[in-house]
Amino acid sequence: MNIFKKIYCRIFQGCFHLAIPILPYRDPKILDSIEKLPAEFAAKGIKKVLLVTDPVIRSLTGELEKLLPAAGVECVVYDKTNANPTVSNVEEALALYVSQNCKGLIAFGGGSSMDCAKAVGARVACPHKSLAQMKGILKIHRRIPLLAAIPTTAGTGSETTVAAVITDDKTHYKYPINDFPLIPRIAVLDPKVTYSLPASLTATTGMDAMTHAVEAFIGGSTTKKTRDYSIRAVQLILQNIEKAYKDGHDETARRNMLIASNLAGGAFSRSYVGYVHAVAHSLGGAYNIPHGLANSVLLPIVLRRYGSKAWKKLAILAVAGGVALRNDSEQVAAEKFIAEICRLNAAMGIPQTLSGIKTEDIPELARRADKEGNPLYPVPVLWNAKELEQFYYEVMAK
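### Focus: the packing of helix H10 (residues 275–287) against helix H14 (residues 362–373)
Alright, step 1. At a minimum axis distance of 8 Å, the contact between H10 and H14 shows a crossing angle of 135°. Compared by their axis directions, H10 and H14 come out oblique. As H10 runs across H14, the sense of the crossing is right-handed. Where H10 approaches H14, its residues Tyr 275, His 277, Ala 278, Val 279, His 281, Ser 282, Leu 283, Ala 286 and Tyr 287 are matched on the opposing element by Leu 365, Arg 368, Ala 369, Glu 372 and Gly 373.

Structure follows, in structure tokens:
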């Protein structure tokens, strides 16, 4: 990256860092059981809600669909959300919301359902703006309908973030929408709804949460709060992810992973992510590669490439997580931390490469990653599109 672009990126990031204390970040109200959710809507006089989910997770929503009417809240269901939610998904759900005269939203599922529900809320709040017109930062400005999020994976942290990521059906371009009204008002961290999550998804979504915590921590826009959130999230993930992977009904491990995901979401929502996410988003949009899987594979590769610029902060995480000693050098501790990520990936069957990447697509994918990451993400080392191409080649299935 040329020096002038680097200067621009760092000034841009510095301005956002200075603004963090005055920006309207907030944490959602946390409930520990879905049984407590209907009363929240009833207390606010909301008589009808749209529940946004996907065809697989729909099998888990039955209890909530009974609890809501019992509390006087009618439930309309949209269950067609794709793994990478599209503009069409959002517009279909929006049409259902409007035609059924709904007044609130519930997202039930992983990050995809939450992203879809957030985008529906944005369209309700701004009916004359397309999703494309809201991509980027602070384009909504208006309060969305009451949104409750029920994560069925311990990974995305979307139940506490300002972001929704949507894929354009026609161009396959995956872009984020970031604004404070998108933070759900309520988050339900109920381990029971994660019991049936397959081991493979437990692994990749858990490492997605790890990516959120690490990228937020090693960036240049941290605060004491986000550093504390990231450290605690990393500790919980290192202590619990393999337990949850091996025994999906381990309630303590499942609850701790939900808490870790929530903390990591709170950290990156304020301090942003980095190039792992920028590259992963481009792969998800182009090839429908699950976001958690892409992050899991990319994380150790990108951390190594940051080199000495990331050693100090990775060493702090390594010591806090119990994978390095306090008297280890920063380089040794950082390398131990990266090695532990690789060990976890291998132990949980996460591959080292991603299939389907086409060589001829790489320049455009890297351009999209560059556009997403620069100047917003306060990464340890700045790279342009040409420099980002290296990561696609490194994760290609040989």
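From this point on, the discussion continues.
### Some words on the sheet that holds strand E1 (residues 29–31)
Alright, step 1. An order of E1-E9-E6-E4-E2-E3 is seen for the six strands of this open sheet, with the pairing classed as parallel. Every interior strand has two partners, whereas the edge strands, E1 and strand E3 (74–78), have only one. Ignoring which end each strand starts from, the neighbouring axes of this sheet average 20° apart.
Alright, step 2. As defined by bridge partners, strand E6 (residues 146–151) adjoins strand E9 (residues 186–188) across two bridges and the pair is classed as parallel. Considered in E9, the bridge of Ala 148 is made with Ile 186.
Alright, step 3. Set on the sheet, helix H4 (residues 87–99) makes contact with strand E2 (48–52), E3 and strand E4 (104–109); between it and E3 the angle comes to about 155°.

### Observations concerning the sheet that holds strand E7 (residues 163–167)
Alright, step 1. With respect to topology, three strands assemble into an open sheet ordered E5-E8-E7, the strand pairing being mixed. This sheet does not close on itself; its edge strands, each paired only once, are strand E5 (136–137) and E7.
Alright, step 2. Bridge analysis of E7 against strand E8 (residues 174–178) gives five bridges, and the strand direction is antiparallel. Its bridge partner being in E8, Ala 164 is matched across the sheet by Ile 177.

### Some words on the environment of Gln 100
Alright, step 1. Following the sequence through the fold, Gln 100 ends up in the loop between H4 and E4.
Alright, step 2. With relative accessibility at 30%, the residue Gln 100 sits in the partly exposed group.
Alright, step 3. It is 8.6 Å that separates the C-alpha atoms of Gln 100 and Leu 50, two residues lying 50 residues apart in sequence.
Alright, step 4. The residues contacting Gln 100, other than those within four sequence positions of it, are Lys 48 and Val 76.

### Concerning the packing of aromatic side chains
Alright, step 1. All chains considered together, the criterion is met by eight aromatic pairs.
Alright, step 2. One aromatic cluster is present, built from ring pairs that chain together Tyr 8, Phe 12, Phe 16 and Tyr 272.
Alright, step 3. The cationic tip of Lys 135 hangs over the ring face of Tyr 175; the distance from NZ or CZ to the ring centre is 5.6 Å.

### Some thoughts on the environment of Ser 296
Alright, step 1. If you trace the backbone, Ser 296 turns up in helix H11 (residues 291–306).
Alright, step 2. In this structure Ser 296 comes out as buried when scored by relative accessible area, which is 1%.
Alright, step 3. The contact partners of Ser 296, leaving out residues within four places of it in the chain, are Thr 204, Met 207, Asp 208, Asn 345 and Ile 350.
Alright, step 4. Within the local environment of Ser 296, its side chain forms a polar contact with the backbone oxygen of Gly 292, the two atoms lying 2.7 Å apart.

### As for the layout of surface pockets
Alright, step 1. Of the volumes computed, that of the second largest pocket is approximately 240 Å³.
Alright, step 2. Considering the residues around the second largest pocket, the lining is formed by 14 residues, among which Lys 135, Gly 136, Pro 176, Lys 371 and Glu 372 are closest to the centre.
Alright, step 3. For the lining of the second largest pocket, the elements supplying multiple residues, two or more each, are E5, E8 and H14.
Alright, step 4. Across the lining of the second largest pocket, the residue classes tally to eight nonpolar, three polar and three charged.

### Notes on the state of the cysteines
Alright, step 1. Taken as a whole and assessed by the stated rule, the structure comprises zero disulfides.
Alright, step 2. Cysteine Cys 9 remains unbridged, with the sulfur of Cys 15 as its closest cysteine sulfur at 12 Å.

### Notes on the environment of Leu 293
Alright, step 1. Within the secondary structure, Leu 293 sits in helix H11.
Alright, step 2. Classification of Leu 293 by relative accessible area gives partly exposed; the value is 21%.
Alright, step 3. Separated by 61 residues in sequence, Leu 293 and Leu 354 place their C-alpha atoms 8.5 Å apart.

### What about unusual backbone geometry?
Alright, step 1. Look at the link from Asn 374 to Pro 375: it is a cis peptide, with omega at 10°.
Alright, step 2. By the secondary structure assignment, Pro 375 is in the loop between H14 and helix H15 (385–395).
Alright, step 3. For His 172, which is not glycine, the phi dihedral falls at a positive 65°.
Alright, step 4. Along the chain, the position of His 172 falls in the loop between E7 and E8.

### With respect to the side chain of Asp 179
Alright, step 1. Looking at the secondary structure, you find Asp 179 in the loop between E8 and E9.
Alright, step 2. Summary of buried charges: Asp 179 has no salt-bridge partner, and the nearest side chain of opposite charge, Lys 129, is 7.3 Å away.
Alright, step 3. Separated by 2.8 Å, the side chain of Asp 179 and the backbone nitrogen of Ile 140 make a polar contact.
Alright, step 4. Of the polar contacts made by the side chain of Asp 179, one reaches the backbone nitrogen of His 141; its length is 3.0 Å.
Alright, step 5. Ignoring any residue separated from it by four or fewer positions in sequence, one finds Asp 179 in contact with Leu 138, Lys 139, Ile 140, His 141 and Val 162.

### What to know about the pairing of E2
Alright, step 1. A large share of E2 lies buried, amounting to five of its five residues.
Alright, step 2. Side chains Lys 48, Leu 50 and Val 52 of E2 all project onto a buried face; the interleaved residues Val 49 and Leu 51 project onto the opposite face, where all are buried too.
Alright, step 3. Taken together, the five bridges between E2 and E3 define a ladder with parallel strand orientation. Bridge pairing in E3 places Leu 50 opposite Val 76.
Alright, step 4. In this view, the connection linking E2 to its parallel neighbour E3 by way of helix H3 (residues 62–70) has right-handed handedness.
Alright, step 5. One ladder, built from four bridges, connects E2 with E4; its direction is parallel. Residue pairing for E4: Val 49 is matched across the bridge by Gly 104.

Thresholds applied
- Residues numbered from 1 in each chain as written.
- Predicted model: local features only at pLDDT ≥ 70, side-chain atom pairs only at ≥ 80, totals over all residues.
- Heavy atoms only, no water.
- Axes fitted to C-alpha atoms, helices over the stretch in contact; angles between N-to-C directions.
- Helix = DSSP H or I, 4+ residues; strand = E, 2+ residues; numbered from the N terminus.
- Parallel < 35°, antiparallel > 145°, perpendicular 65-115°, else oblique.
- Left-handed = near helix turned anticlockwise from the far one by under 90°.
- Contact = heavy atoms within 4.5 Å.
- Pairing = 2+ DSSP bridges.
- Buried < 20%, exposed > 50% of the residue type's maximum accessible area, 1.4 Å probe, protein only.
- Phe/Tyr/Trp six-rings, centres within 6.5 Å; stacked < 30°, edge-to-face > 60°.
- Lys NZ or Arg CZ within 6 Å of the ring centre and 35° of its normal.
- Polar contact = N/O pair within 3.5 Å; in protein donor to acceptor, adjacent residues only side chain to side chain.
- 1 Å grid on protein atoms, 1.4 Å probe; cavity = no way out; pocket = protein on both sides within 12 Å on 5 of 7 lines; lining within 4 Å.
- Points joined across faces, edges and corners; volume = space filled by probe spheres on them.
- Nonpolar A, V, L, I, M, F, W, Y, C, P; charged D, E, K, R; others polar.
- Disulfide = S-S within 2.5 Å.
- Lys, Arg positive; Asp, Glu negative; His and termini not counted.
- Salt bridge = Lys/Arg side-chain N within 4 Å of Asp/Glu carboxyl O.
- Right-handed = clockwise from strand over helix to strand, strands pointing away.

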